[in-house]
Amino acid sequence: MLNIIICGAPGCGKGTQSDLIVEKYRLKHLSTGDLLRKEIARKSDLGIEAESFINKGNLVPDKMIFDILSKAIEEQTKNSKGIILDGFPRNVAQAEALESLMNSLNIETGLLLDLQVDKDELVQRLLKRGETSGRCDDNLITIKKRLEVYETKTAPVSDFYKNKNKYAAINGMGTVDEIFGRISTVIDSKL
Ligand code: AP5
Ligand code: MG
């Protein structure tokens, strides 16, 4: 079993690369952003509350995330080749909560992939996607805030996994296939 975290700034390609990883390695994809957007689309209480954080570029409260994710992690790791966590953990408190959940399930996080992309490229990718995505956070003001939140809150998660020797930096510049080739090399070395 291989449980992977895919991490990196907004627009670095977490979702794009997760789809390819799922296809090749048959892992289950758990994206907290996608789960939250589904709640927003169905206008649930949780979705309405989450939207007020997301459209400002802030993180939603940890408890809300953990409530929707912990059951999913438990279910998706049963009889599976593993999971890929996309967009979680997003701060050190979430990383600590994830590690205790994994311990209680008797499984482990194998690897954090950190996709590294230049800031100008991130902004260009997100603005381009914003032309058609309908996402409430794909506009310049919110993109800038998301990048700031990433630097202050999410980047320290890398050190958390570096200290556990479970960290791999990936050059996230180039074509989707080139980047996937780099990711595959790292995953293959862990199998
Ligand atoms: P989330 O949905 O996780 O968004 P994000 O981290 O801002 O990242 P994106 O999904 O925008 O980008 P991505 O890295 O997946 O890149 P993609 O492959 O789409 O979170 C949204 C919000 O939800 C957060 O701000 C927060 O409020 C909340 N949230 C989520 N998780 C949370 C948590 N754990 N705790 C608290 N709050 C949480 O690619 C981007 C674009 O670039 C696409 O158009 C793609 O086609 C294109 N692209 C991809 N690769 C390339 C390439 N190589 N070259 C050119 N274009 C490319
Ligand atoms: Mg995404």
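Thresholds applied
- Counting starts from 1 at the beginning of each chain's written sequence and moves along it residue by residue.
- Written order determines the labels here, with chains lettered from A and ligands numbered from 1.
- For a predicted model such as this one, the threshold for reporting local features is a pLDDT of at least 70, and the threshold for listing and counting side-chain atom pairs is 80 or more; totals across whole chains, interfaces and linings nevertheless cover every residue.
- Side-chain numbers come from the whole structure's heavy atoms, not from hydrogens or water.
- What counts as a salt bridge is simple: a side-chain nitrogen of Lys or Arg found within 4 Å of a carboxyl oxygen of Asp or Glu.
- Each helix is a run of H or I in the DSSP string that is no shorter than four residues. Each strand is a run of E no shorter than two, and both are numbered from the N terminus.
- Exposure is judged per residue with a 1.4 Å probe applied to protein chains only, and the accessible area is read against the type maximum: over 50% gives exposed, under 20% gives buried, and values in between give partly exposed.
- Here, nonpolar core refers to any group of buried Ala, Val, Leu, Ile, Met, Phe, Trp, Tyr and Cys residues whose side-chain atoms link them within 4.5 Å.

Some points on the pattern of salt bridges
Argument step 1. Tallying each qualifying case throughout the model produces 11 salt bridges.
Argument step 2. Among the salt bridges present, the one from Lys166 reaches Glu108, with a minimum N-O distance of 3.4 Å. Of this pair, Lys166 sits in the loop between helix 8 (156-162) and strand 5 (167-171) while Glu108 is found in the loop between helix 5 (92-104) and strand 4 (111-116), placing the two residues 58 residues apart along the sequence.
Argument step 3. Under the relative-accessibility criterion, Glu108 is labelled exposed at 54%.
Argument step 4. Within this structure, Arg129, Arg135, Asp137, Asp138 and Arg146 form a network of salt bridges that share partners.

Notes on the nonpolar core
Burial of nonpolar side chains together is a common tendency in soluble globular proteins.
Argument step 1. Counting residues in hydrophobic clusters, the biggest one holds 26 residues, and the most contacted among them are Ile73, Leu85, Leu98 and Tyr161.
Argument step 2. Among the secondary structure elements, those contributing two or more residues to this core are strand 1 (4-8), helix 2 (32-41), helix 3 (45-54), helix 4 (62-76), strand 3 (83-86), helix 5 and helix 8.
Argument step 3. A per-element tally of this core places helix 4 first, with 6 residues.
Argument step 4. Listed in part, the 25 residues of the second largest apolar core include Tyr25, Leu122, Leu147 and Ile179.

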